[in-house]
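# An overview of the molecular structure
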Amino acid sequence: MIYRRMFGLPDWQLRDRFHELEQMRRQMDRLFGALTDGSTKKTGSGVFPAINLTESMDNYYLRAELSGVKAEDLDIQTTGKNISISGERKIFDVESNAKYHRRERDAGKFSRIVGLPDYVDSDAVEASLINGILTVVIPKKENAKPRQISIK
Amino acid sequence: MSDSKSKEIKLRDKQEVAGSAEQTRAGVFFTPDVDIFETEKALTLLADIPGVVPENLNIDLRENTLTISGEVVQIEGADEKDVMIEYETGKYFRQFSLSEVIDQSKIDAKLNDGVLRLTLPKIEKATPRKITVKTG
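Right, let's walk through the structure included here. (Residues numbered from 1 in each chain as written. Chains lettered and ligands numbered in written order. Predicted model: local features only at pLDDT ≥ 70, side-chain atom pairs only at ≥ 80, totals over all residues. Heavy atoms only, no water.)

## Structural notes on the nonpolar core
Core analysis: the largest hydrophobic core is formed by 21 residues, its most contacted members being Leu62, Leu66, Phe110 and Ile138 of chain A. Contributing elements (two or more residues each) for this core: strand S1 (51-55), strand S2 (59-65), strand S4 (82-89), strand S6 (108-115) and strand S8 (133-139) of chain A. (Core = buried A, V, L, I, M, F, W, Y, C linked by side-chain atoms within 4.5 Å. Buried < 20%, exposed > 50% of the residue type's maximum accessible area, 1.4 Å probe, protein only. Helix = DSSP H or I, 4+ residues; strand = E, 2+ residues; numbered from the N terminus.)

Okay, structure coming up:
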């Protein structure tokens, strides 16, 4: 509505009434989005796949949901403080005479790089892909581990 | 197919299930992404449910309503602290009403790499009978 007033679109009367409703809905979504964003601790980079990074005393754990991705289609590399995850998700099950009711699952390539807080011991990194979840275990270097300092 | 190969996957937020009776149970429910296609013989459903093991997956077909629900096992260790969290885990829940008559005895479900493949064969249509009209 603000948009229309600002730019004075001449054909507003001809526009579909639903367009205005749709615009209102989007504005409401934005409002609610702004209200709820502060309460969640979820962050996002806008890049597929979404990654959860956690740490214990000895390791970093990097996890991503990659259902339907085969291990051989996945490429993980470490350089310095960065770990890159790239690959391709293929959807095979396309039968020639099949008619689709729904098609929500995406196929395609992805590549992402994640910066870790510390340098990575590249040789000791281990990755596993179980039930569509990728887990990369990244051991911390000795000097990055927390050290108990005893007071004499 | 060549089109989808060059395409990059876009990140989409997991969809939380909105207003359902299931919400009375604790935890977050997500709607899994699905592909549903049908051929002359069967209806096939593919659903992305990463993190669900077969023991925690429930598939139920009752009065033409297909219900898929699954629970994700927490894989984080107790001593792990969050550094960066971009996705949440929870339960998956989705219902479909089927218009076709499904042969319940031949339903087949497979779970591989976090993808559920559900094959629902249609009941074979009764062969048309020819009725002869007698005169007399």
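## What to know about the side chain of Asn52 of chain A
Mapped onto the secondary structure, Asn52 of chain A falls in strand S1. Polar side-chain contacts of Asn52 of chain A include one of 2.9 Å to the backbone oxygen of Tyr87 of chain B. If sequence neighbours within four positions are ignored, Asn52 of chain A has contacts with Tyr61, Leu62 and Arg63 of chain A together with Met84, Ile85, Glu86 and Tyr87 of chain B. (Polar contact = N/O pair within 3.5 Å; in protein donor to acceptor, adjacent residues only side chain to side chain. Contact = heavy atoms within 4.5 Å.)

## Thoughts on the interface of chain B and chain A
Counting from both sides, the interface comprises 47 residues of chain B and, opposite them, 52 residues of chain A. Taking both partners together, chain B and chain A bury about 4,700 Å²; carbon and sulfur atoms supply 50% of that area. For the chain B face of the interface with chain A, the top three residues by lost area are Ile9, Glu86 and Tyr87 of chain B, together amounting to 17%. Summed over the shared surface of chain B and chain A, the result is eight salt bridges. Of the charged contacts, one joins Arg89 of chain A and Asp48 of chain B as a salt bridge, the two residues approaching to 2.7 Å between their closest N and O atoms. Broken down by secondary-structure element, the contributors of at least two residues to the side of chain B that touches chain A are helix H1 (2-6), strand S3 (34-38), strand S4 (42-48), strand S5 (52-62), strand S7 (81-85), strand S8 (91-97) and strand S10 (115-121) of chain B. Taken together, the residues of the side of chain B that touches chain A break down into 21 nonpolar, five polar and 21 charged. Direction of pairing for strand S5 (residues 99-103) of chain A relative to S3 of chain B: antiparallel, over a ladder of four bridges. Opposite Arg103 of chain A, over in S3 of chain B, you have Asp35 of chain B as the bridge partner. (Buried area = accessible area lost by both parts, 1.4 Å probe. Salt bridge = Lys/Arg side-chain N within 4 Å of Asp/Glu carboxyl O. Nonpolar A, V, L, I, M, F, W, Y, C, P; charged D, E, K, R; others polar. Pairing = 2+ DSSP bridges.)

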